[in-house]
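Breakdown of the fold
These are the residues of each chain, in order.
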Amino acid sequence: MSVERELSGPLSAELARAVRAGRLPADAWAVLAEVLESLDPAVPVGHVVESLTDIVPGELGEAELPSQEVRAPARGSRDRDLRWRLADKPMVGSPSRDDIDRTAFLDEVSRASATSLNSAEMLSQISALVQSHQLADITRVWRSTDDGLRCVTPSSGDARPDLTAQQALITRRSVRTGSSRLSVPLLAGRHALGVLDLERRHRGFTSDDISLAHAVAGRTALGLRNAYEYEREHELAERLQYAMLPALAELDEFDIAARYRSSTRGVHIGGDWYDAFSRSDGTVVLTVGDVTGHGLDAAVVMGQLQNALRAYALEGHGPASSLRLVHELLREGRGSLYATAVVVEVQRRNGMIRWASAGHPPPLVQDASGDVVYLDADHGPMLGIDLTPSIPEHRRSLTSDSSVALYTDGLIERRRSDIDAGMARLAAAFERCGDGKVDERTDNVLHEMLGGTDHDDDVCLLLCRWLGPS
């Protein structure tokens, strides 16, 4: 494959002539062609080559060098040797302190852009690195949206882009305002993701500074592309999950609220569900379940089990009978997924409840005084396992203004603590959040248990308050 077929344009032609002696493998040219799209043609070719070898060391660093060249054994030395040769610079002695500092700085930027899929967290780290390296005193990142540029740098408030930032995005080249303001486009391949805005208070940008800013922008753009794709996939999975959950109807003598929170890690659809509905005899049925695993298969099984439980309960089957029928349905499917579930029936007239559980965390009951107790009775095994389950059923009376809470294990399980500690935390959260309407209590409990921290699993919480006989 010829160099000219992969690279085009004056700068690319100059680069092709410079690296022809390097005898790069054919597939390396595809990488070079993509990376060149994100580089400013005004930057000297030596800086371009240095940026390319920094960005794709796996391709350039392993290139076969001419036999007459003396290669050092370390990969970093090979990369550095290649950069100097391609830039038409003689190799004289060891690299300068400035070269070492520049390489170390860009390595830190690369790590920051590659180790986090949270765009705000990543940009905060890169901004701190840029300022600590004294490349700029003020750093802003503008994201390209359908409505124009939007500032996404943390703590930048409602900043608005000026003509300099907009011009950098439109021209896809760095733009300077005076000597102390520099706007560099964030280019990932052929996509313009936004603009990196750099400003200095007391000194201007040199040509070396501009080259370094382009290298930082290239790494930042690649990290942002990954983060934005992850965030988009996570949002789509969450929207699909919400679309599959039922809308809760208003029921006489009952106040019901439910919440679902997707995992903050990963983009897979979960298998958690909740449901609440009324039978023709006035009985209210509450269900919460959790299918093992994540992804489309878990979501499909979740939808099947949720609908099956509702259908069996509406036919008049009790909690234990409904769970046994769902177990048989899951076994007939011959799949590899299992599920836990709990079903609670509440009689509208007298507050009598019946419940049964298949491997699920126990329901929680809170009376009018705020006291909390778990209905931790015998339960059956998980649904779908290869045996005929024995699922016991239990009864208990509620007093007026008592509440029943059903939840999935994502609410109480943490990597650094056992499930008993999680259940104790949940009971304490209900005791602290005992006042107020059910909607408010549900939100408050979730905030107590989850806060603003990451959680590895999806969470469902269903809260039903029985107001008492009419």
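Residues numbered from 1 in each chain as written. Predicted model: local features only at pLDDT ≥ 70, side-chain atom pairs only at ≥ 80, totals over all residues. Heavy atoms only, no water.

**Structural notes on the sheet that holds strand β11 (residues 364–366)**
Read across the open sheet, the five strands follow the order β6-β15-β14-β11-β12; overall the sheet is antiparallel. Across the chains shown, the open sheet's two edge strands, defined by having one partner strand only, are β6 (254–261) and β12 (372–374). This sheet shows a mean twist of 15° between the axes of neighbouring strands, independent of strand direction. Of the pairings in the sheet, the one linking β11 to strand β14 (residues 402–407) comprises three bridges and is antiparallel in character. Along β14, the bridge assignment pairs Val 365 with Val 404. The sheet contacts of helix α13 (residues 419–432) involve β11, β12, β14 and β15 (459–466), and relative to β12 the element is tilted by about 150°. (Pairing = 2+ DSSP bridges. Helix = DSSP H or I, 4+ residues; strand = E, 2+ residues; numbered from the N terminus. Axes fitted to C-alpha atoms, helices over the stretch in contact; angles between N-to-C directions. Contact = heavy atoms within 4.5 Å.)

**Section: the environment of Ile 170**
You can see Ile 170 is positioned in helix α9 (residues 163–171). The sequence separation of Ile 170 and Gly 194 amounts to 24 residues, and the corresponding C-alpha distance is 9.8 Å.

**With respect to the environment of Asp 409**
Note on placement: Asp 409 falls in the loop between β14 and α13. The spacing of Asp 409 and Thr 340 is 69 residues in sequence and 9.8 Å in space, taken between C-alpha atoms. For Asp 409, the residues in contact, after removing those within four places along its chain, are Asp 290, Pro 361 and Asp 457.

**Brief notes about the pattern of salt bridges**
Across all of its chains, the model carries 13 salt bridges by this definition. For Glu 253, the salt bridge identified is with Arg 348, shortest N-O distance 3.4 Å. On the criterion of sequence distance, the pair formed by Glu 253 in the loop between α10 (207–244) and β6 and Arg 348 in the loop between β9 (339–346) and β10 (352–358) is long-range, its members being 95 residues apart. The residue Arg 259 makes a salt bridge to Asp 439 at a minimum N-O spacing of 3.2 Å. A residue pair is termed long-range when its members are at least 10 positions apart, and Arg 259 in strand β6 and Asp 439 in helix α14 (residues 438–450) qualify at 180 residues. By sharing partners, the salt bridges in this structure join Arg 279, Asp 281, Glu 345, Arg 354 and Glu 393 into a single network. (Salt bridge = Lys/Arg side-chain N within 4 Å of Asp/Glu carboxyl O.)

**Section: the environment of Ile 210**
For Ile 210, the position within the fold is in helix α10. When its relative accessible area of 15% is taken as the criterion, Ile 210 is described as buried. The spatial distance from the C-alpha of Ile 210 to the C-alpha of Val 175 is 10.0 Å, given a sequence separation of 35 residues. Ignoring sequence-local partners within four residues, the contact set of Ile 210 consists of Ser 174, Arg 176, Leu 182 and Phe 205. (Buried < 20%, exposed > 50% of the residue type's maximum accessible area, 1.4 Å probe, protein only.)

**Some thoughts on the sheet that holds strand β8 (residues 284–291)**
Within the open sheet, the five strands sit side by side as β7-β8-β9-β10-β13. Their pairing is antiparallel. Edge positions in the sheet fall to β7 (272–278) and β13 (394–397), since each of these pairs with one other strand and no more. The mean angle between the axes of side-by-side strands here comes to 15°, regardless of whether they run parallel or antiparallel. Inspection of the sheet shows β10 paired to β13 by four bridges, in the antiparallel sense. Bridge pairing in β13 places Ile 353 opposite Arg 396. Contacts from helix α12 (residues 319–332) reach β9 and β10 within the one sheet, and its direction differs from that of β10 by about 25°.

**Some words on unusual backbone geometry**
In this structure, Gln 134 takes a positive phi of about 65° despite not being glycine. Topologically, Gln 134 is positioned in the loop between α8 (119–132) and β1 (138–145). For Gln 134, a relative accessible area of 54% translates into the label exposed. With a phi angle near 60°, Arg 172 is a residue other than glycine that sits in the positive phi range. Relative to the elements of secondary structure, Arg 172 occurs in the loop between α9 and β3 (175–177). With relative accessibility at 34%, the residue Arg 172 sits in the partly exposed group.

**Quick look at the pairing of β1**
Sheet topology note: the β1/strand β5 (residues 191–199) ladder contains six bridges and is antiparallel. By the bridge assignment, Val 141 is partnered in β5 with Leu 196. In the sheet, β1 pairs with strand β2 (residues 148–151) via four bridges, with the strands oriented antiparallel. Residue pairing in the sheet places Thr 145 in a bridge with Gly 148 of β2. Hairpin connection between β1 and β2: a loop of two residues separates the two successive antiparallel strands.

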